[in-house]
Amino acid sequence: MAIPRKGSRLITVDGVAYRWRIRRKPTYGQAIGEGSLTFAIELAEGPGLVLLVSLPFSRPDVWVGERTMAVRPALVAEAVRMALGQGWDPRQAGRAFDLDVTEDDLVAMLGGPPVYEVPFARR
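All figures in this text were calculated on a predicted structure; none of them were measured in a lab.

Calculation rules
- Residues numbered from 1 in each chain as written.
- Predicted model: local features only at pLDDT ≥ 70, side-chain atom pairs only at ≥ 80, totals over all residues.
- Heavy atoms only, no water.
- Core = buried A, V, L, I, M, F, W, Y, C linked by side-chain atoms within 4.5 Å.
- Buried < 20%, exposed > 50% of the residue type's maximum accessible area, 1.4 Å probe, protein only.
- Helix = DSSP H or I, 4+ residues; strand = E, 2+ residues; numbered from the N terminus.
- Contact = heavy atoms within 4.5 Å.
- Phe/Tyr/Trp six-rings, centres within 6.5 Å; stacked < 30°, edge-to-face > 60°.
- Salt bridge = Lys/Arg side-chain N within 4 Å of Asp/Glu carboxyl O.

## Thoughts on the nonpolar core
Formed by 28 residues in total, the largest nonpolar core has its most connected members in Phe-39, Ile-41, Val-53, Leu-55 and Trp-88. Of all the secondary structure elements, the ones that give two or more residues to this core are strand 1 (9–13), strand 2 (16–22), strand 3 (38–43), strand 4 (51–54), helix 2 (73–85), strand 5 (97–100) and helix 3 (103–110). Here the element with the most residues in this core is helix 2; it accounts for seven residues. Beyond its immediate chain neighbours, meaning those up to four positions away, Ile-41 contacts Ile-3, Tyr-18, Arg-19, Trp-20, Leu-49, Val-50, Leu-51, Val-53, Val-76, Val-80 and Trp-88.

## Considerations on the packing of aromatic side chains
On inspection of all chains with the given rule, the structure shows three aromatic pairs. Seen in terms of ring centroids, Trp-20 and Phe-39 are 5.9 Å apart; in terms of plane orientation they differ by 70 degrees. Their pairing is edge-to-face. One end of the pair, Trp-20, is in strand 2; the other, Phe-39, is in strand 3, and 19 residues separate them in sequence. According to the relative accessible area criterion, Trp-20 is buried, its value standing at 5%.

## Details of the pattern of salt bridges
For the structure on display, the rule yields four salt bridges. In this structure, the salt-bridge partner of Arg-67 is Glu-103, at a minimum N-O distance of 2.9 Å. With Arg-67 in the loop between strand 4 and helix 2 and Glu-103 in helix 3, this pair connects stretches of sequence that are 36 residues apart. By relative accessible area, which is 27% here, Glu-103 ends up partly exposed. Arg-81 is paired through a salt bridge with Glu-78; the nearest N and O atoms lie 2.9 Å apart. Highlighted residues: Arg-81 and Glu-78, both in helix 2, separated by three residues, approximately one helical turn. Residue classification places Arg-81 among the partly exposed residues on the basis of a relative accessible area of 34%. Each of Asp-14, Glu-78 and Arg-81 takes part in one network of salt bridges that share partners.

These figures capture arrangement, not role.
Set out below in structure tokens:
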């Protein structure tokens, strides 16, 4: 499984280039608030083991007003470091590596408590 180049962003973490992307549209489960915001990361130069990061909050485009926050490059970089520490080898082939970020992990990654927003419910 590779990340489409269109719509993806490049980021360099500790001297290694990666490509990351948030799915353009939510899945049905994400849209109704049952799923969390997820994004995928892989090496920029070619195929390898994709990292799937699940965050402890909803997408900003959910149908109901759930807490959310922006995914910034600093958070993506910390997710890469965390996954590497847990054994993710992006040069390896195989199934995706899942990283479930907890609320405590998020506090450590951001260096403090996250600031959430609750968007208005869509009609």
